[in-house]
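# Breakdown of the fold
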Amino acid sequence: MAEGHANAEIARELYVTEAAVNKHVSSILQKLELRLDGQGHRRVLAVLTYLRA
């Protein structure tokens, strides 16, 4: 995700289903409290939050 890959690309790389990747990404976004609010891209915000920690 930090490299800008879509869920389908991540799934292929990890040999898992796209649904599994989607579930994990959704979990990460929830844990980081990144809600869909129209301000900023949540995946980018998740990576920035990770890098700041």
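Residues numbered from 1 in each chain as written. Predicted model: local features only at pLDDT ≥ 70, side-chain atom pairs only at ≥ 80, totals over all residues. Heavy atoms only, no water.

Under an unreviewed UniProt entry, the chain has the name HTH luxR-type domain-containing protein and belongs to Streptomyces scopuliridis RB72.

### Comments concerning helix 2 (residues 18-31)
Cut-off, in case you're wondering: Runs of E in the DSSP output that reach at least two residues are strands. Runs of H or I that reach at least four are helices, and both are numbered from the N terminus. A helix's residues, less one, multiplied by 1.5 Å, set its expected span. Partly exposed describes any residue whose relative accessible area lies between the buried limit of under 20% and the exposed limit of over 50%, with all areas from a 1.4 Å probe on protein chains only and scaled to the type maximum. This arc corresponds to the set of directions leading from the helix axis out to the C-beta atoms. In this analysis, two residues are considered to be in contact whenever any of their non-hydrogen atoms come within 4.5 Å of each other.
Here helix 2 contains 14 residues, and its C-alpha end-to-end distance of 20 Å stays within 8% of the 20 Å for a straight helix at 1.5 Å per residue. For helix 2, the full list of buried residues reads Val21, Val25 and Leu29. All buried residues of helix 2 fall inside an arc of 70° around its axis, so they share one side. Exposed and oriented more than 90 degrees from the buried face of helix 2 are Ala19, Lys23, His24, Gln30 and Lys31. Close packing links the buried residues of helix 2 with helix 1 (7-14) and helix 3 (42-52). Just beyond helix 2, the residue with positive phi is Glu33, at close to 55°.

### Re the environment of Ala8
With respect to the helices and strands, the residue Ala8 is situated in helix 1. When the C-alpha positions of Ala8 and Leu34 are compared, they lie 21 Å apart, and in sequence the two are 26 residues distant.

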